[in-house]
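Breakdown of the fold
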Amino acid sequence: MRQNPNIIVTGTPGVGKTTHSESLAERTGLRHVSVNQIVKDKECHEGWSDEYQSWIVDEDKLLDAIEEDVKAGGCIIDWHACDLFPRSWIDLVVVLRADSSTLFDRLTARDYAEAKLQENLDSEIMEVLLQEAREAFDEEIVIELMSNTSDEMESNVDRIEAWVKQWKLDNASAGNALKSKT
């Protein structure tokens, strides 16, 4: 039984996944697991896509690379996808969202190519990642949070931090109940 929960922070590029994850890690003591960094550092890819200016992720290698850490618990997984992770690994899925104008400004500031910019805006408008999360995980562990302003980000981190504290309390009492039965 894990001592700490595993959380996925997902959403379209530019919604604030890394900012949220770093702040949560700092405040909760959980580990920020940046999938993009792991893909680079542990070569969990099949090469580079010139069209999308990103690595082509080898999902099997990625899962193998993080399995031990995630099974131990206490991970905040920061990535734009969530449906490849086994349900048994995840306790909360946070889908961050942003308004089109906010997202456009953020992605433009990152110098996204026009095709990549448009694809990400379309994905956000069509709620693609929210739907993926809802299809891959039980409804009660998927939450949708807006991330347009620093106040919203702060409120989101407060809310998730409170959830982590409650998860620890709930699971500590469940663990104690199991111990007393044995």
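Quick caveat: nothing in here was measured; it's all calculated off a predicted structure.

Here we take up the UniProt feature "binding site: ATP" (unreviewed entry) in the chain. This chain's UniProt record puts "binding site: ATP" (unreviewed entry) on G14, G16, K17, T18, T19 and R110. Examined against the element boundaries, T19 turns out to sit in helix α1 (residues 17-28). Assessed through its relative accessible area of 45%, T19 is described here as partly exposed. Tracing the backbone shows R110 in the loop between α4 (100-109) and α5 (114-125). Judged by its relative accessible area of 47%, R110 falls in the partly exposed class.

Despite not being glycine, E43 has its phi angle at roughly 50°, a positive value. Position of E43 among the secondary structure elements: in the loop between α2 (35-41) and β3 (45-49). Classification of E43 as exposed rests on a relative accessible area of 54%. One non-glycine residue, D111, lies in positive phi territory at about 60°.

The complete set of buried residues in α4 reads T102, L103 and L107. Angularly, the buried residues of α4 cover 120° about the axis, an arc narrow enough to put them on a single face. Of the residues in α4, the exposed ones pointing more than 90 degrees away from the buried face are S101 and A109. Next to the buried residues of α4 lie α5. D111, located one to two residues past α4, shows a positive phi value of around 60°.

The rules we used
- Per chain, the residues get numbers from 1 upward, laid out in the order the sequence is written.
- The predicted nature of this model means local features are confined to residues of pLDDT at least 70 and side-chain atom pairs, given and counted, to a pLDDT of 80 or more, with totals for whole chains, interfaces and linings taken over all residues.
- Side-chain figures throughout are based on the complete set of non-hydrogen atoms in the structure, without hydrogens or water.
- UniProt positions are given in the numbering used here, feature names are shortened, and annotations may be inferred rather than shown by experiment.
- Helix numbering and strand numbering both begin at the N terminus, where a helix is a DSSP run of H or I of at least 4 residues and a strand a DSSP run of E of at least 2.
- Three exposure classes are used, based on accessible area relative to the maximum for each residue type with a 1.4 Å probe and protein chains only: buried under 20%, partly exposed in between, and exposed over 50%.
- Here, the arc refers to the directions that run from the helix axis to the C-beta atoms.
- We call two residues in contact when some of their heavy atoms are within 4.5 Å.

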